[in-house]
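Letter by letter, the chains look like this.
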Amino acid sequence: AQSVDQPDAHVTLSEGASLELRCSYSYSAAPYLFWYVQYPGQSLQFLLKYITGDTVVKGTKGFEAEFRKSNSSFNLKKSPAHWSDSAKYFCALERDSGGSNYKLTFGKGTLLTVTP
Amino acid sequence: EAAVTQSPRNKVAVTGGKVTLSCNQTNNHNNMYWYRQDTGHGLRLIHYSYGAGSTEKGDIPDGYKASRPSQENFSLILELATPSQTSVYFCASGQGRFAETLYFGSGTRLTVL
């Protein structure tokens, strides 16, 4: 069965520090992996995705993520962090639901607080 | 910019009542989805659709129905609302290809008393 784990429910760091949000997945096939962000009071927005190829993918707002097949991880990174990065971040795995149709499985999310 | 609009933004319903949440997208996307977001669970898929006239069960469909009368509109229906269905509901659309990017609406906060 497929699953996504975000082990850190809440991460707090100071502005200017480097941020890394952890995501691990379990899937028997080649994974398509995503990060979405939800700013306070807003809906989810796409940040970046990994399909194949380069293991470091760059997204919007200065974020990047590294895919590591060896430990089934897809961690989100940014340096330096800014207070405006405070938000909830969701990692997601696209799974094959049959008939060439695909659905996303989301992790529980990590709430990031960046203090000025 | 892809646009997904949900209505209402907030809804208070009584137990046993019928609730309809509406979603409209102007992206001409084939796929549409309904998720609910609860603390400690992230987003969970309720129903989805591959196009007008189609609805499919997601991971937690019990107590919900869906309707896709047109490419643009996708509704979520709670025939007999229960307090356990108090949540924030998000609609999303996608092009229907692998590794599609989803575009989310602003959400509907539903409270069932």
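An account of the accompanying structure is given in this report. (Residues numbered from 1 in each chain as written. Chains lettered and ligands numbered in written order. Predicted model: local features only at pLDDT ≥ 70, side-chain atom pairs only at ≥ 80, totals over all residues. Heavy atoms only, no water.)

Glancing now at the interface of chain B and chain A. Interface size is commonly expressed as the accessible area that is lost once the parts come together. Listed as interface residues are 21 residues of chain B and, on the opposing side, 20 residues of chain A. Both faces combined, the contact of chain B with chain A buries some 1800 Å², and carbon together with sulfur accounts for 53% of it. Connecting chain B to chain A are zero salt bridges. There are four residue pairs in polar contact (both at pLDDT 80 or more) connecting chain B and chain A. Those elements that provide at least two residues to the side of chain B that touches chain A are β4 (31–38) and β5 (42–49) of chain B. Broken down by element, the residue count for the side of chain B that touches chain A peaks at four residues, all from β5 of chain B. (Contact = heavy atoms within 4.5 Å. Buried area = accessible area lost by both parts, 1.4 Å probe. Salt bridge = Lys/Arg side-chain N within 4 Å of Asp/Glu carboxyl O. Polar contact = N/O pair within 3.5 Å; in protein donor to acceptor, adjacent residues only side chain to side chain. Helix = DSSP H or I, 4+ residues; strand = E, 2+ residues; numbered from the N terminus.)

It is worth spelling out the nonpolar core at this point. Membership of the largest hydrophobic core comes to 27 residues, with the highest contact counts inside it found for Trp35, Leu48, Phe74, Leu76 and Tyr89 of chain A. With 19 residues, the next largest nonpolar core counts Phe90 of chain A together with Tyr35, Leu43 and Leu102 of chain B among its residues. (Core = buried A, V, L, I, M, F, W, Y, C linked by side-chain atoms within 4.5 Å. Buried < 20%, exposed > 50% of the residue type's maximum accessible area, 1.4 Å probe, protein only.)

This brings us to the sheet that holds strand β3 (residues 19–25) of chain B. Residue and element names in this part refer to chain B. Pairing within the open sheet is antiparallel, and its four strands lie in the order β1-β3-β8-β7. Two strands close off the open sheet at either side, each with one partner strand: β1 (4–7) and β7 (65–67). Direction aside, the axes of adjacent strands within the sheet are offset by 20° on average. Judged from the six bridges that link them, β3 and strand β8 (residues 73–78) form a sheet pairing that is antiparallel. Within β8, the residue paired with Leu21 across the bridge is Leu76. (Pairing = 2+ DSSP bridges. Axes fitted to C-alpha atoms, helices over the stretch in contact; angles between N-to-C directions.)

With that settled, consider unusual backbone geometry. With the exception of glycine, the majority of residues adopt a negative phi angle, and the majority of peptide bonds are in the trans configuration. Ser79 of chain A connects to Pro80 of chain A through a cis peptide bond whose omega is -5°. You can see Pro80 of chain A is positioned in the loop between β9 (73–78) and β10 (87–98). The step from Ser7 of chain B to Pro8 of chain B runs through a cis peptide bond, and the omega angle for that step is -5°. Within the secondary structure, Pro8 of chain B is located in the loop between β1 and β2 (10–13). Even without glycine at this site, Ser72 of chain A takes up a positive phi of about 50°. Position of Ser72 of chain A among the secondary structure elements: in the loop between β8 (64–68) and β9. Of the residues examined, Ser72 of chain A reaches a relative accessible area of 24% and is grouped as partly exposed. Of note in the backbone geometry, Asn28 of chain B takes a positive phi value of approximately 60° without being a glycine.

Purely geometric numbers; function is a separate question.
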